[in-house]
Amino acid sequence: MAARKKDCKNSDLAMDDNGDAQPDSPQADSGDAQAKLPLFYSDPHALTVERHGAKAIATDANYSFARKTNSVPVTAMEFTRVMRNYPIVFTAGDPVVPVAVLGLRGTRNQFVSDDGVWREGAYIPAYVRRYPFILMESPDKLQYSLCIDEAAAHFADDGQALFEDGEPAEICKKALEFCSAYQGQHSFSLEFTATLEKYSLLVENRAAVTMASGENLSLSGFLVIDEEKFMGLPDDVFLDWRQRGWIPLVYCHLLSMGNWQTLTETIGVSEEADDAS
């Protein structure tokens, strides 16, 4: 299954553990991924009836795969929902990618329980919901192929069939549609972050918190928007950003900084759950 690049447009619908942005669309090479892969993915292959005709997506799949990361990429189109639960920051890699911070410890997502359940009421980023599917770029760079991570717990012999009567099942059609929309949003997000870099609005930052127990935690290796520099943008640039829909994105990011306190308050809850399990 494939999608042309021009079909991957914005529509309404993600920092790995060491703070580096991973490529969101690795190149497909005879259906296999190259060495460097995005967060969560370890064995993606192009979805074909020959290889996956008898395979399925498990109906009891959960979010355990996302439990050991403290952040995931998000798209600019998600900012209004992400800002309600998580700090939105930017990676210091190339390219700069917006991410949602999910925990204060390097390998711990405070929003996923031991049994793989995402915290009720908290927004689940599209990058997470997309898994185990992903679009991978063809060698000629003209289209994307829909791929599936064969290492995923979702990937099984029983459940929702990937193919029916030799044709892609509904789950594959919906995955292609979702991944195409995500790819378009990802491209829009990179345009936004590239412009933030152009005007030197991104500055290094470090989050330091003190737990009720007296323990000190810190998180570094990320960038935030310098509000003073943003407010000093020339009027013509500000107007251009407003027309592009970027001004609300900046304010969503700035407002999301209030969620550092939420992470501090919830880390104790999640660790108490670990101790009780």
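Remember, predicted model here, so these are calculated numbers, not experimental data. Position numbers for residues start from 1 in each chain and track the written sequence from start to end. Under the rules for a predicted model, residues below a pLDDT of 70 receive no local features and side-chain atom pairs below 80 are neither given nor counted, while totals for whole chains, interfaces and linings still include all residues. Think of the side-chain values as coming from all heavy atoms in the structure, minus any hydrogens and water.

Caption draft 1: Inspection of the sheet that holds strand β3 (residues 56-57) at higher detail. With respect to topology, three strands assemble into an open sheet ordered β9-β3-β10, the strand pairing being antiparallel. Two strands in the sheet have a free side with no partner beyond their single neighbour: β9 (155-156) and β10 (160-161). Of the pairings in the sheet, the one linking β3 to β9 comprises two bridges and is antiparallel in character. Looking at the pairing, Ile57 lines up with Phe155 of β9. Should DSSP find at least two bridges between two strands, the strands are regarded as paired. We count a stretch as a helix when DSSP gives it H or I for four or more residues in a row; a strand needs E for two or more, and each element gets its number in order from the N terminus.

Caption draft 2: Up close: the pairing of strand β5 (residues 88-91). With three bridges joining them, β5 and strand β6 (residues 98-101) adopt antiparallel strand pairing. Counterpart to Phe90 in the pairing with β6 is Pro98. Counting the residues between successive antiparallel strands, the hairpin from β5 to β6 contains six residues.

Caption draft 3: Looking closely at the nonpolar core. Take the buried residues of types Ala, Val, Leu, Ile, Met, Phe, Trp, Tyr and Cys, join any two whose side-chain atoms come within 4.5 Å, and each joined set is a nonpolar core. Here the term buried applies to any residue with accessible area under 20% of the maximum for its type, exposed to any over 50%, and partly exposed to those in between, with areas from a 1.4 Å probe on protein chains only. Core analysis: the largest hydrophobic core is formed by 63 residues, its most contacted members being Phe40, Trp118, Trp241 and Trp260. With six residues, strand β14 (residues 216-225) is the single largest residue contributor to this core. Two residues form a contact once any of their heavy atoms are found within 4.5 Å. Apart from residues lying up to four places away in sequence, Phe40 is in contact with Phe65, Ala66, Thr69, Val72, Tyr127, Val128, Tyr131 and Asp149. Counting 16 residues, the second largest nonpolar core, distinct from the first, contains Leu162, Ala169, Cys172 and Leu176.

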